[in-house]
Structure formats: structure tokens, C-alpha cells
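Topology and contacts: notes
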Amino acid sequence: MSIKMREVIELSCVLLQLEYALLLLKEPESLDEKLIEQAQKDVEQVLCCANYICEEIAADYINLKAVQHFESETGQISYSAFEHIPIDIYAVKQGGKNIPFKLYPQQLMTLAGELEVLYTYKPQKKEIDDFLDFDARLSARAAAYGTAAEYSLMKGLYEESVIWDKRYKDSLFSALKTKKSINMPKRRWV
């Protein structure tokens, strides 16, 4: 189940009490010209904060993983050749077997030939009607809490930012915690 950026923005507007921005997203014809300008500015700022939070989630909490195939005669693969912006490259395979590689500021160095690179990546900036890259572990509510925290911080509302940040982190940690049961060993008396 993919989350649409619109869901995150709308929920963030509800949390932040940005009534005109929410009306712009749902019923734009109900606003006059003067209110539309302010509402558009608010929506753009919330979208910017949401994109920032998505980058943070991808870097620190939920890794976005990708596999990409390359054909390299020299063993040098420029980071600009990747489909996504890589954060971390954790394996390079050739013929199904892991091969050694080194990371440099501009490129990946490894053996020449047909390569399969496994990596985590930074999400691209999303527009309102785009889908987020995350799996079902991330909820629209968690992303909206983070967006509200970032927006509040940007507006200088520090106390509100702390509240939203706590809710954001709590909802992320509860979504990411292990769902399986843990078996503790029986007590032994010495």
C-alpha cells in the first residue's frame, strides 16, 4: 500500500490548522483570490517540509533499497549513472557472488564486467500527486507528524515543534519495532 504525498500534506494541514491550505487542496473554488495566494504559499512550505522529512526517514529509519545492473569495462561506476541517488552501497555482485568494491567521492570502483549493485537511496523530491517510495511500515500519520514538526520549527513555533517531533518519533518507533514474540530463557537458580 503506497502513500500519496497528498495524504501527508492534507493531514499535516489538519494538524497545523492551516484551514485555507486544506480548502485549496480539497475545494479550491471556495476560496477568493486573496486567500488562494496565502494558501498556495502554505501548501508549498508544507510540501517542502514533507520532502525533507521523507529524506530524513530514508536516511535514518526506513532504508529504501534498490538493485541496479551495470556493464562496466573498467570497473568504475559514477554515482551519476545510478537511477537513484545512492546513500549506501552494501553489495556488488558478479555472477551471483559478492565481489570486493571501494567507494570514492565520485564513483564506485570494483571489477570490470556485468555487475549487480545493491544499495540504499535518497528519495527524489515529490510533488503533491506523487506516491512515496516507502513500504507499508510508514504511515501517512507518522510522516504528517514529522512534517508538522518541521513546519513548526520553520515558523519559530518551538514548543509545538517539540510536541509534533515527539509524536513523529514515537509513531516511527512503534511502526519499526519488532512484531515477533521474544522467548526468554528459563530462570536458573544458582
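1. Considerations on the packing of helix α1 (residues 5-16) against helix α4 (residues 140-154)
Running from amino to carboxyl end, α1 crosses α4 at an angle of 55°, the nearest separation of the two axes being 8 Å. It follows from the interaxial angle that α1 and α4 lie oblique. Note on packing geometry: the crossing formed by α1 with α4 is right-handed. Contact with α1, carried on its side by E7, V8, L11, S12, L15 and L16, involves A140, R141, A143, A144, Y145, T147, A148, Y151 and S152 of α4 and no other residues of that element.

2. Notes on the packing of α4 against helix α5 (residues 158-176)
Running from N to C, α4 and α5 point in directions that differ by 160°, and their axes come no closer than 8 Å. Between α4 and α5, the angle is such that the two are roughly antiparallel. Between α4 and α5 lies a crossing whose hand is left-handed. Between α4, through A142, Y145, G146, A148, A149, S152 and L153, and α5, the contact on the second element is made entirely by Y158, E160, S161, W164, D165, R167, Y168 and S171. Each residue belonging to the contact of α4 with α5 can be placed in one class, and the counts come to 8 nonpolar, 4 polar and 3 charged.

3. A short note on the nonpolar core
One finds V117 and F134 to be the most contacted residues of the largest nonpolar core, which totals 52 residues. Taken together, the elements giving at least two residues each to this core come down to α1, α2 (19-26), α3 (33-60), β1 (64-72), β3 (85-94), β7 (113-122), α4 and α5. For F134, the contacting residues outside a window of four places in its chain are C54, I57, A58, I62 and L64.

4. Focus: the sheet that holds β7
Strands sit in the order β1-β7-β3-β4 across an open sheet of 4 strands; the sheet is antiparallel. For this open sheet the edge positions go to β1 and β4 (97-98), each flanked by a neighbour on one side alone. The pairing of β3 with β7 spans 7 bridges and is classified as antiparallel. Considered in β7, the bridge of D88 is made with T120.

Cut-offs used in this document
Residues numbered from 1 in each chain as written. Predicted model: local features only at pLDDT ≥ 70, side-chain atom pairs only at ≥ 80, totals over all residues. Heavy atoms only, no water. Axes fitted to C-alpha atoms, helices over the stretch in contact; angles between N-to-C directions. Helix = DSSP H or I, 4+ residues; strand = E, 2+ residues; numbered from the N terminus. Parallel < 35°, antiparallel > 145°, perpendicular 65-115°, else oblique. Left-handed = near helix turned anticlockwise from the far one by under 90°. Contact = heavy atoms within 4.5 Å. Nonpolar A, V, L, I, M, F, W, Y, C, P; charged D, E, K, R; others polar. Core = buried A, V, L, I, M, F, W, Y, C linked by side-chain atoms within 4.5 Å. Buried < 20%, exposed > 50% of the residue type's maximum accessible area, 1.4 Å probe, protein only. Pairing = 2+ DSSP bridges.

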